[in-house]
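# An overview of the molecular structure
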Amino acid sequence: MKLHVVTYNIHKGFSQFNRRMMIHELRDHLRSLDADIIFLQEVQGQHRRHAARFDDWPDEPQYEFLAHEVWSDYAYGRNAVYDNGHHGNAILSRYPIVRAENQDISTHNLEQRGMLHCEIEVPGSDLPLHCVCLHLSLHERGRRHQVGALIERMQRKVPARSPLVVAGDFNDWRNFAGRRLADALGLREALADHWGRPARSFPSAFPLLRLDRIYFRGFQVEHTQTHRGAAWARLSDHAALSAHLHLE
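All residue numbers refer to position in the chain's written sequence, counted from 1. Two thresholds apply to this predicted model, a pLDDT of at least 70 for residue-level local features and 80 or more for giving and counting side-chain atom pairs, whereas whole-chain, interface and lining totals are computed over all residues. Only hydrogens and water are set aside; all other atoms, that is, all heavy atoms of the structure, feed into the side-chain values.

Read across the open sheet, the six strands follow the order β3-β4-β2-β1-β12-β11; overall the sheet is mixed. This sheet does not close on itself; its edge strands, each paired only once, are β3 (73–82) and β11 (219–227). Put simply, the sheet's adjacent strands are angled 25° from each other on average, direction ignored. As paired strands, β11 and strand β12 (residues 240–247) are joined by eight bridges and run antiparallel to one another. Its bridge partner lying in β12, Gln 220 is registered against His 246. Working rule for contacts: check all heavy atoms of both residues, and any pair within 4.5 Å makes them a contact. Only the stretch in contact is used when a helix axis is fitted, and all axes are lines through C-alpha atoms; the angle between N-to-C directions ranges over 0 to 180 degrees. Runs of E in the DSSP output that reach at least two residues are strands. Runs of H or I that reach at least four are helices, and both are numbered from the N terminus. Across the sheet, helix α1 (residues 23–33) lies against β1 (2–9), β2 (37–47) and β11, angled at about 155° from β1, the strand it touches most. Two strands pair under a simple rule: DSSP has to find at least two bridges between them.

Pasting the structure below:
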């Protein structure tokens, strides 16, 4: 079984510095990747002020709008709630999502974070694929706590034989999370170079920081790509990452 996965922080559907609403162009670009499973961060579930301001603001939540007619199943984890609406993480899948749960991993009230955990039935595997989408804290102390919560949940909920993909915006430019996840869960990072450094993904116009990740277990990597260039840089402040995997 082969699997094409993508992770992307979509910046709530706006370009860098919030200059333009880009959700329609973003949907076109995601469809062009033809991925099986997409891990999205900063997905707008609702925003009443934006809906009133923009004539072409989607009527449905962004995850439903992006999934429409391509990814038959989706799950959304609402994390940050405010007067005009809410946003969080989402997983879009071509294959059935049989179970989904969003765990609150916030470390303080000013920065709401969640861990969206899905079980997906994929062809070619007698075990469900476990997928986790997350967006970690801007502060290192918070990230340490959140990586610990991820490890604890995976050890408790995911059998050692089950294939696993953990992807998202880790805000972990020094790669402390990668070493912990390798030691505790046997995870590898799909886009890591020969020195174990993940791909540069932020800011999208000229990536310098290694913030976004695709970790996996139970697969081999066939091909990876960081989606850069002027067209992609207009869509979000992060670059999209993709990995073609095949089941071991």
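This part takes up the layout of surface pockets. Each cavity reported here is a set of points on a 1 Å grid over the protein atoms alone in which a 1.4 Å probe fits but cannot get out, each pocket an open set with protein on both sides within 12 Å along at least five of seven lines, and each lining residue one with an atom within 4 Å of a point. Grid points are joined across faces, edges and corners, and a volume is the space filled by probe spheres set on the points. Its boundaries defined by the atoms lining it, the largest pocket holds a volume of some 200 Å³. If you go around the largest pocket, you meet 16 residues; those closest to its centre are Glu 42, His 87, Gln 112, Arg 113 and His 135. By residue number, the principal contributor to the lining of the largest pocket is strand β4 (residues 85–93), which donates three residues. A breakdown of the residues in the lining of the largest pocket according to their chemical character gives three nonpolar, nine polar and four charged. Three classes are used, and their members are as follows: Ala, Val, Leu, Ile, Met, Phe, Trp, Tyr, Cys and Pro are nonpolar, Asp, Glu, Lys and Arg are charged, and the others, Gly among them, are polar.

Worth remembering: the numbers are spatial, not functional.
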